[in-house]
Amino acid sequence: MKRMIYISLIINVVVLIPVCIGLISDASWVEHGYGPASPARGILLSIYGSILLVSLGLLINPLPMLVAPLLLVQVLYKLTTPFTVGNFTNPVVISNILVALVHLVTLLLILRSIRDKASSQALLD
């Protein structure tokens, strides 16, 4: 489980650093995936920056009970993007789905660990 937590958090950092830099600098590739500069893109940058900062903090202290909510929110928004964007061919949609699958595995391992600890504790009681 711990290994997958680190993998998920590192994926967040590795993906979000260039994305945030691209959004800030209005890189040429950004418009293809995120559309033209707009207030909505600025809000997205704020969200991505927040996820990046929280992921960096959790890499220092990866408490599963703090990692799980972050990944759950990411899985939900990433898996709904094809429907809100209206297609499955946008490069952001494709990468969101791939990242969501990794995060989903991590979440399932966290949940299994919590369940196993609860079962162990019940045996001790």
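Each remark here, short or long, concerns the structure printed above.
The shown structure was predicted, so the numbers you read here are calculated from the model rather than taken from an experiment.

Novice: Help me understand the overall build of the protein chain in this model?
Specialist: In terms of regular secondary structure, the protein chain is built from 5 helices and 0 strands. Element order for the protein chain, N to C, with α for helix and β for strand: α-α-α-α-α. For the protein chain, buried positions account for 35% of its 125 residues. Across the protein chain, the fraction of contacts at a sequence separation of at least 24, relative to all contacts at a separation of at least 6, is 65%. Summed over all atoms, the accessible surface of the protein chain reaches about 7500 Å², with 74% contributed by carbon and sulfur. Each charge class in the protein chain can be summarised by its mean position, and for the 7 positive and 4 negative side chains these summaries are 9 Å apart.

Novice: Which parts of the structure should I look at to understand the side chain of Arg-41?
Specialist: Structurally, the position occupied by Arg-41 is in helix α3 (residues 39–60). Residue classification places Arg-41 among the buried residues on the basis of a relative accessible area of 6%. At a separation of 2.6 Å, a polar atom in the side chain of Arg-41 contacts the main-chain carbonyl oxygen of Gly-35. For Arg-41, the residues in contact, after removing those within four places along its chain, are Leu-23, Asp-26, Val-30, Glu-31, Tyr-34, Gly-35 and Pro-36.

Novice: Help me understand the packing of aromatic side chains in this model?
Specialist: Working definition: an aromatic ring pair is given by the centre-to-centre distance plus the angle between the planes. Following the criterion strictly, the structure yields 2 aromatic pairs and no others. The interplanar angle of 75° and the centroid separation of 6.1 Å between the aromatic rings of Tyr-34 and Tyr-48 together place this pair among those described as edge-to-face. Within this pair, whereas Tyr-34 is found in helix α2 (residues 30–34), its partner Tyr-48 is found in helix α3, the two being separated by 14 residues in sequence. As far as the burial class goes, Tyr-34 and Tyr-48 line up, both buried. A ring pair is formed by Phe-83 and Phe-88, whose centres lie 5.9 Å apart and whose planes are at 85°; its orientation type is edge-to-face.

Novice: What should I look at first to understand helix α1 (residues 2–25) in this one?
Specialist: When the terminal C-alpha atoms of α1 are compared, their 35 Å separation across 24 residues agrees well with the 34 Å that a helix rising 1.5 Å per residue should span. In the structure, α1 departs most strongly from a straight axis at Leu-16, where the bend amounts to approximately 30° and where the proline Pro-18 lies between one and four residues downstream. Those residues of α1 lying buried are Met-4, Ile-5, Ser-8, Leu-9, Asn-12, Val-13, Leu-16, Val-19, Cys-20, Gly-22 and Leu-23. Trailing α1 by a residue or two, Asp-26 shows a phi angle of about 55°, which is positive.

Conventions used here
- Residues numbered from 1 in each chain as written.
- Predicted model: local features only at pLDDT ≥ 70, side-chain atom pairs only at ≥ 80, totals over all residues.
- Heavy atoms only, no water.
- Helix = DSSP H or I, 4+ residues; strand = E, 2+ residues; numbered from the N terminus.
- Buried < 20%, exposed > 50% of the residue type's maximum accessible area, 1.4 Å probe, protein only.
- Contact = heavy atoms within 4.5 Å.
- Areas by Shrake-Rupley, 256 points an atom, 1.4 Å probe, with all protein chains shown as cover.
- Lys, Arg positive; Asp, Glu negative; His and termini not counted.
- Charge placed at Lys NZ, Arg CZ, Asp CG, Glu CD.
- Polar contact = N/O pair within 3.5 Å; in protein donor to acceptor, adjacent residues only side chain to side chain.
- Phe/Tyr/Trp six-rings, centres within 6.5 Å; stacked < 30°, edge-to-face > 60°.
- Expected span 1.5 Å × (residues − 1).
- Bend = angle between axes of the 7 residues up to and from the residue.

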